Amino acid sequence: MLTVDFSRFPLAPGDRVLDLGCGAGRHAFECYRRGAHVVALDQNGEEIREVATWFAAMKEAGEAPEGASALAMEGDALQLPFPDESFDVVIISEVMEHIPDDKGVLAEMVRVLKPGGRIAVTVPRYGPEKVCWALSDAYHEVEGGHIRIYKGDELLGRMREAGLKPYGTHHAHALHSPYWWLKCAFGVDKDKALPVRAYHKLLVWDIMKKPLATRVAEQALNPLIGKSFVAYATKPHLPVGAAAVDAPVDASVDAS
């Protein structure tokens, strides 16, 4: 299940891609399939070992084009082990809401991104996330949990301050918002509650079968209750300080 929309976020074979905070690797796998040179980085060693196993399986099965490469590694998002301007593309999906120094993470991503490079940032959307926080303290008051809720214009502002130029936004995963509301209402650790189990079966069916009815429903509901807010930006061919001051605001960017 991808949150980044690659029709809005072009990726060319041979691009060097950093999936920062890759988790289980869903975006890294897609970039690998598209012929990129992928680095999937996360601080969770167990997940990184699993991602490395899947990379190897994909290579063995011929799922990635000739010339593509993939590396899974542990690392710290605030101290990336890469030289300046190392990547054409950076993706950070559902990570920044966990990190106290989100400005520091943005600065590191901008540092390793080449001028003209592209970045995709996804975070939980303000409205659906506020409902989750209101229904359950356990949803966010856990070690490594969500420490903030972004408003769209706040995230875009921080991206501009870091020297990036946002060029588009959208919302994703509307069908997942009610699932998390149910989990928060019945207890985040009570997956056996009947409404939670029933809705989870619906989501699994939707992901596996991709029926037209749910695709249309989710597309219609995304602007209203999409679980994720997704922002795309470029790094201008200018010094970072000048870009932060001089980059014009894209009037087409929706900060809701």
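By the naming in an unreviewed UniProt entry, the chain goes by Class I SAM-dependent methyltransferase and is assigned to Streptomyces scabichelini.

## Things to note about the overall build of the chain
Helix and strand counts for the chain stand at nine helices and seven strands. Structurally, the chain occupies a C-alpha span of about 55 × 45 × 35 Å along its principal axes. Among the 256 residues that make up the chain, the fraction classed as buried is 48%. Total accessible area on the chain is roughly 12500 Å²; 57% of this is exposed by carbon and sulfur atoms. The chain carries 28 positive and 35 negative side-chain charges, and their two centres are separated by 5 Å.

## Focus on the UniProt feature "domain: Methyltransferase type" (unreviewed entry) in the chain
Those residues carrying the UniProt feature "domain: Methyltransferase type" (unreviewed entry) are residues 18-120 in this numbering. End C-alpha to end C-alpha, residues 18-120 measures 11 Å, and it is 35% helix and 29% strand.

## As for the nonpolar core
Core analysis: the biggest nonpolar cluster contains 31 residues, and Leu18, Leu20, Met96, Met109, Ile119 and Met159 have the highest contact counts within it. Discounting residues that sit within four places of it in the chain, Leu20 has contacts with Leu41, Ala77, Leu80, Ile91, Ile92, Ser93, Val95, Val105 and Met109. Among the nonpolar cores identified, the runner-up in size contains 26 residues, and Leu11, Ala28, Ala64 and Ala72 belong to it.

## A few points about the pattern of salt bridges
Throughout the structure, instances matching the rule amount to 16 salt bridges. Here the salt bridges do not stand alone but share partners, grouping Glu30, Arg33, Arg34 and Glu63 into one network.

## A look at helix 7 (residues 194-209)
Taking 1.5 Å of rise per residue, 16 residues should cover 22 Å, and helix 7 covers 22 Å from first to last C-alpha, within 8% of that figure. If you follow the buried residues of helix 7, they end up packed against helix 6 (176-186) and helix 8 (212-225). Among the residues trailing helix 7, Lys210 stands out with phi positive, at a value near 50°.

## With respect to a nonpolar patch on the surface
A surface patch of nonpolar side chains, about 380 Å² in accessible area, is lined by Met1, Val204, Ile207 and Met208. In this fold, Met208 is placed in helix 7. Take Met208: its relative accessible area is 62%, and that puts it in the exposed class.

## Structural notes on the packing of helix 1 (residues 26-33) against helix 2 (residues 45-61)
It is the contact of helix 1 with helix 2, at a shortest axis distance of 11 Å, that shows an interaxial angle of 25°. Between helix 1 and helix 2, the interaxial angle falls into the category roughly parallel. In terms of crossing hand, the pair formed by helix 1 and helix 2 is right-handed. The segment helix 1 lies against helix 2, with Ala28, Phe29, Tyr32 and Arg33 engaging Val51, Trp54, Phe55, Met58 and Lys59.

## Observations concerning helix 6
Taken residue by residue, helix 6 has His176, Ser177, Tyr179, Lys183 and Cys184 as its buried positions. Viewed end-on, helix 6 has its buried residues packed into an arc of 160°, placing them on one side of the element. Two residues or fewer after helix 6 comes Gly187, characterised by a positive phi angle close to 115°.

## Digging into the confidence of the model for the chain
When pLDDT is averaged across the chain, the result is 92; 93% of the residues are at 70 or more. Scored below 50 in pLDDT, residues 242-252 shows 14 contacts in the model against residues more than four places distant or in partner chains.

## Let's talk about the pairing of strand 1 (residues 16-20)
For strand 1, the buried fraction is high: four of the five residues fall into the buried class. Where strand 1 and strand 2 (residues 37-42) come together, five bridges link them in parallel fashion. Along strand 2, the bridge assignment pairs Arg16 with His37. Between the parallel pair strand 1 and strand 2, the chain is carried across by helix 1, and the sense of this crossover is right-handed. Pairing geometry for strand 1 and strand 4 (residues 87-93), over three bridges, is parallel. Paired with Leu18 across the strands is Val90, a residue of strand 4.

## What to know about the sheet that holds strand 1
Read from one edge to the other, the open sheet built from seven strands follows the order 3-2-1-4-5-7-6, with strand pairing classed as mixed. Bordering the open sheet on either side are strand 3 (69-74) and strand 6 (165-172), each of which pairs with just one other strand. Between one strand and the next, the sheet's axes are offset by a mean angle of 15°, whatever the strand orientation. Across seven bridges, strand 5 (residues 113-124) lies against strand 7 (residues 228-234) in antiparallel orientation. Of the residues in strand 7, the one forming a bridge with Val123 is Phe229. Packing against the sheet, helix 3 (residues 102-112) makes contact with strand 1, strand 4 and strand 5, and its axis sits at approximately 150° to strand 5.

What counts and what doesn't
- Residues numbered from 1 in each chain as written.
- Predicted model: local features only at pLDDT ≥ 70, side-chain atom pairs only at ≥ 80, totals over all residues.
- Heavy atoms only, no water.
- Helix = DSSP H or I, 4+ residues; strand = E, 2+ residues; numbered from the N terminus.
- Buried < 20%, exposed > 50% of the residue type's maximum accessible area, 1.4 Å probe, protein only.
- Areas by Shrake-Rupley, 256 points an atom, 1.4 Å probe, with all protein chains shown as cover.
- Lys, Arg positive; Asp, Glu negative; His and termini not counted.
- Charge placed at Lys NZ, Arg CZ, Asp CG, Glu CD.
- UniProt positions renumbered as here; feature names shortened; annotations may be inferred.
- Core = buried A, V, L, I, M, F, W, Y, C linked by side-chain atoms within 4.5 Å.
- Contact = heavy atoms within 4.5 Å.
- Salt bridge = Lys/Arg side-chain N within 4 Å of Asp/Glu carboxyl O.
- Expected span 1.5 Å × (residues − 1).
- Patch = residues over 30% accessible without salt bridge, like charges linked within 9 Å, V, L, I, M, F, W, Y side chains within 5 Å.
- Axes fitted to C-alpha atoms, helices over the stretch in contact; angles between N-to-C directions.
- Parallel < 35°, antiparallel > 145°, perpendicular 65-115°, else oblique.
- Left-handed = near helix turned anticlockwise from the far one by under 90°.
- Arc of directions from axis to C-beta.
- pLDDT = per-residue confidence, 0-100.
- Pairing = 2+ DSSP bridges.
- Right-handed = clockwise from strand over helix to strand, strands pointing away.

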